[in-house]
Amino acid sequence: MQTEKKSISKVFLILLGVVVALLVGVGGWFLGTKIFENEEGVAKTKNTVKVNEDKDYVYDADFVKVEYLNRQEEFSNGFLSNNENIKLPYINLKSEDAKKVNEEIKRIYIDLEKNIEEALLCNENEMCASYSLGYKTYSNDKTLSIVIIKLVGVTDFPEPSYWVYNFDLTTGKLLTIDSLLHQKNMTKESFLDKVKKKMEQFALDNNTDSCNYFGNLQESYTSLEKGLQTSTFPVEEGNDSIAYYLGEDGKIHLIATLYMDCGRGTIVEIFPLD
């Protein structure tokens, strides 16, 4: 009887050992699989947004010709005095929207390149154009804003042109004005009201006897409303396009045209909205 009990105990211990071994093995496999899946998931998450994981979301495009960055010393009249600032962004996001924007950015450069080649033939005794092309980026939570600024002119007051792109960093897609307004709990009506008040204040601060902004406020409002309906780039003097982005302060900044009865007749201003 005692021998039988010992045999049962021995069998029980063996079975218990087998069960424990199985549990340890299955647990180890389960944890190992989860760790592997997690590591793979992290890698997948990283690779879904960026094209090149080793670089920032935005970095300098590599197609700008180096020789354009070293011409300023050749001219004594200031021609291309800002050309050391000729740089454009590459959007390092894996999406169709980013791909299209990168193609558009390259076209901006190609057009400017033609202008520079023509301007290089300019005689130093002539009024030669000066070009500057650069960009700024702003990151707010999951929103990335890129503002490209081109300055072209033969005077101390070059005309600016703007191209602006806002990306959702979780999807790589472009954001609409409605998306940004939703982030800031604004409606289009409240947005328009804020912008018009900013325009009115600008007119009040800058109105003079020789340059009337108040008399053209309605035209400025109409231009703004047109821009909200159909807006194309670039935003520059003389058109009704608008652009918007989230600045480093987290506020929506609107780029729009103001009309006046002096100078070139229009001016492009940037309005931060509270």
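Residues numbered from 1 in each chain as written. Predicted model: local features only at pLDDT ≥ 70, side-chain atom pairs only at ≥ 80, totals over all residues. Heavy atoms only, no water.

Draft legend 1. The arrangement of the overall build of the protein in detail. Counting its regular elements, the protein contains 5 helices and 9 strands. Helices and strands in the protein line up, N terminus first, as α-β-β-α-β-β-β-α-α-α-β-β-β-β. Here the protein holds 274 residues, and the buried ones make up 39% of them. By element, 53% of the accessible surface of the protein is carried by carbon and sulfur atoms, the whole surface being about 16400 Å². (Helix = DSSP H or I, 4+ residues; strand = E, 2+ residues; numbered from the N terminus. Buried < 20%, exposed > 50% of the residue type's maximum accessible area, 1.4 Å probe, protein only. Areas by Shrake-Rupley, 256 points an atom, 1.4 Å probe, with all protein chains shown as cover.)

Draft legend 2. Geometry of the packing of aromatic side chains. Applying the stated criterion across every chain, the model contains 6 aromatic pairs. An angle of 70° between the planes, with centres 5.5 Å apart, marks the rings of Y165 and F233 as edge-to-face. Remark: F233 occurs in the loop between helix 5 (217-229) and strand 6 (235-236) and Y165 occurs in strand 5 (residues 159-168); sequence separation between them is 68 residues. Exposure remark for Y165: the relative accessible area of 4% places this residue in the buried category. (Phe/Tyr/Trp six-rings, centres within 6.5 Å; stacked < 30°, edge-to-face > 60°.)

Draft legend 3. Geometry of the sheet that holds strand 6. Across the sheet, 4 strands lie side by side as 3-4-5-6; this open sheet has antiparallel pairing. Edge positions in the sheet fall to strand 3 (130-140) and strand 6, since each has one partner strand and no second. The pairing of strand 4 (residues 143-153) with strand 5 spans 10 bridges and is antiparallel. Bridge pairing in strand 5 links L144 to F167. (Pairing = 2+ DSSP bridges.)

Draft legend 4. View of the state of the cysteines. Going through the model one piece at a time under the given rule, you end up with 1 disulfide. Disulfide pairing places C211 opposite C262 at an S-S distance of 1.8 Å. One end of the pair, C211, is in the loop between helix 4 (188-206) and helix 5; the other, C262, is in the loop between strand 8 (252-259) and strand 9 (266-273), with 51 residues separating them in the sequence. Neither residue differs from the other here; C211 and C262 are each classed as buried. (Disulfide = S-S within 2.5 Å.)

Draft legend 5. Representation of the packing of helix 4 against helix 5 within the structure. For the pair helix 4 and helix 5, interaxial distance at closest approach is 11 Å and the crossing angle is 145°. Where helix 4 crosses over helix 5, the two elements pack in a sense that is right-handed. Here helix 4 contributes F191, L192, V195, K196, M199, E200 and A203 to the contact with helix 5, which in turn contributes L217, S220, Y221, L224, E225 and L228. (Axes fitted to C-alpha atoms, helices over the stretch in contact; angles between N-to-C directions. Left-handed = near helix turned anticlockwise from the far one by under 90°. Contact = heavy atoms within 4.5 Å.)

Function cannot be inferred from these measures alone, as they are strictly geometric.
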